[in-house]
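# Residue-level structure breakdown
Here is how the chains run, residue by residue.
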Amino acid sequence: MRREIRLRRGADFERVRANRRSWSHPLLICTIGAHDDDDGLSRIGIIVGRRVGKAVTRNRVKRRIREAGRAIYPDIIPGHDIVLIARPAAAAATALELQEAVASLLARARLRRAPTGAPPPELPS
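If you're wondering where the values come from, they're calculated on a predicted model, not measured in any experiment.

### Remarks on the overall build of the chain
Looking only at helices and strands, one finds three helices and four strands in the chain. Of the regular secondary structure in the chain, the N- to C-terminal order runs α-β-β-β-α-β-α. A total of 125 residues make up the chain; the buried ones form 37% of that total. Here the analysis covers contacts within the chain between residues at least 6 apart in sequence; of these, 79% occur between residues at least 24 apart. If you sum the accessible surface of the chain, you get close to 7400 Å²; carbon and sulfur atoms cover 50% of it.

### Points about unusual backbone geometry
Phi at Arg110 is positive, roughly 60°, even though this residue is not glycine. Within the fold, Arg110 resides in the segment after α3 (95-108).

### So, helix α1 (residues 10-19)
One turn of the α-helix equals 3.6 residues, which is why residues spaced by three or four share an orientation. Where α1 is concerned, the buried positions are Asp12, Phe13 and Val16. Around the axis of α1, the buried residues are gathered within 100° of arc, so they sit on the same side. Exposed side chains of α1 directed beyond 90 degrees from the buried face belong to Glu14 and Ala18. The secondary structure elements touched by the buried residues of α1 are β2 (28-34), β3 (43-47) and β4 (80-86). At the exit of α1 stands Arg20, carrying a positive phi of roughly 70°.

### Quick word on the sheet that holds strand β1 (residues 22-24)
What holds strands together in a sheet is hydrogen bonding between their backbones, with the strands either parallel or antiparallel. On the basis of which strands lie adjacent, the open sheet formed by four strands has the order β1-β2-β4-β3 and mixed pairing. Strands with a single pairing partner mark the edges of an open sheet, and in this sheet they are β1 and β3. Along the sheet, successive strands turn relative to each other by an average axial angle of 20°, direction set aside. Two strands pair when backbone bridges link them, and β3 and β4 are joined in this way by five bridges, in the parallel orientation. Bridging from a neighbouring strand, Ile46 pairs with Leu84 of β4. Packed onto the sheet, α1 meets β2, β3 and β4 and runs at close to 100° relative to β2. Packing of helix α2 (residues 55-72) onto the sheet brings it into contact with β2, β3 and β4, and relative to β3 it is tilted by some 160°.

### Remarks on the nonpolar core
With 29 residues, the main nonpolar core has Leu28, Ile65, Ile82, Ala86 and Leu106 as its most contacted residues. Taken together, the elements giving at least two residues each to this core come down to β2, β3, α2, β4 and α3. With six residues, α3 is the largest single contributor of residues to this core. Excluding anything up to four places from it in sequence, Leu28 contacts Trp23, Ile65, Ile85, Ala86, Arg87, Leu98, Ala101, Val102 and Leu105. Counting residues in each nonpolar core, the second largest holds five residues, with Leu7, Phe13, Val16 and Ile85 among its members.

Definitions and limits used
Residues numbered from 1 in each chain as written. Predicted model: local features only at pLDDT ≥ 70, side-chain atom pairs only at ≥ 80, totals over all residues. Heavy atoms only, no water. Helix = DSSP H or I, 4+ residues; strand = E, 2+ residues; numbered from the N terminus. Buried < 20%, exposed > 50% of the residue type's maximum accessible area, 1.4 Å probe, protein only. Contact = heavy atoms within 4.5 Å. Areas by Shrake-Rupley, 256 points an atom, 1.4 Å probe, with all protein chains shown as cover. Arc of directions from axis to C-beta. Pairing = 2+ DSSP bridges. Axes fitted to C-alpha atoms, helices over the stretch in contact; angles between N-to-C directions. Core = buried A, V, L, I, M, F, W, Y, C linked by side-chain atoms within 4.5 Å.

In short, geometric facts, not functional conclusions.
Following this line, the structure appears as structure tokens:
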């Protein structure tokens, strides 16, 4: 992913994780926060802890999640920070399963545009 669409600073991760709006999937947890800058971009951060496996496994999971984020990024509604946290089951998942998990979580969080280009559904009040 391009540098400007990644979360890199620890303070950004902490701000998003403190938000407490999250959705879960057997492979991933997705936490959403509002993006502070007015650049109109959404940013994605990935956390893969030691419980997922050793360094080689964690890096492979990170690469697969990063690729899933890259593939779905054009469909993400701008202006949000997204933190994806890998669960231990992600180590055994294929790239396609991780991509489907990311797509599912973003759809549940209402951050994914409709494939027809229609505006996203309104949030309940």
